[in-house]
Amino acid sequence: LPEDRIKYLESHTQALELQLVYRTEQTSNAVAECDALREKLTEATQKCEDEKKLSMEVMRAMTRQYKGMQEDLLNKINERERVIQTLRDTLETQRISHIEHIAAKDEIIERKNAAAAKMRDEEEAMCQQFVKM
């Protein structure tokens, strides 16, 4: 029957239209979800890049700080070495001065001992002359 056939075709058309609407809606939802995921990916990528930049900045700052500390320590070491060398030089100068001072004192003592011996000899000679008188 043609009426049944028409009804059948109309209901089939209606079913196909509903299916088309459903699939269009699904496609639309999938596209929206895909766009949302792309946005999240873009945000995550940007965040990752920002974190990399921050890490590099921190690393550069730490490297500068390390180099500054290293230079400061080298300056302190060099200054301490200069102080040590100055003290060694002063010590050597004082040691030489002390040796010279002791030598001078020894010479004075030797001269005084010689003078005392000469005076004893003169006293002895005077005693001998006095005895002879």
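Whatever comes next refers back to the structure up there.
What counts as what
- Residues numbered from 1 in each chain as written.
- Predicted model: local features only at pLDDT ≥ 70, side-chain atom pairs only at ≥ 80, totals over all residues.
- Heavy atoms only, no water.
- Helix = DSSP H or I, 4+ residues; strand = E, 2+ residues; numbered from the N terminus.
- Rg over C-alpha atoms; globule rule 2.2 N^0.38 Å.
- Buried < 20%, exposed > 50% of the residue type's maximum accessible area, 1.4 Å probe, protein only.
- Areas by Shrake-Rupley, 256 points an atom, 1.4 Å probe, with all protein chains shown as cover.
- Patch = residues over 30% accessible without salt bridge, like charges linked within 9 Å, V, L, I, M, F, W, Y side chains within 5 Å.
- Salt bridge = Lys/Arg side-chain N within 4 Å of Asp/Glu carboxyl O.

**Q** Where do I start with the overall build of the chain in this structure?
**A** Looking only at helices and strands, one finds one helix and zero strands in the chain. Its C-alpha radius of gyration of 56 Å places the chain more than 25% over the 14 Å reference for a compact globule of 133 residues. With the C-alpha coordinates of the chain rotated into their principal frame, the extents come out at 195 × 15 × 10 Å. When the 133 residues of the chain are sorted by exposure, 0% land in the buried category. For the chain, the exposed area adds up to about 12,900 Å²; of that, 59% sits on carbon and sulfur atoms.

**Q** In this structure, what is going on with a nonpolar patch on the surface? I would like to understand it.
**A** A cluster of nonpolar residues, L54, V58 and M62, forms a patch on the protein surface that exposes about 280 Å² of accessible area. Relative to the helices and strands, M62 resides in helix α1 (residues 2–132). Residue classification places M62 among the exposed positions, given a relative accessible area of 53%.

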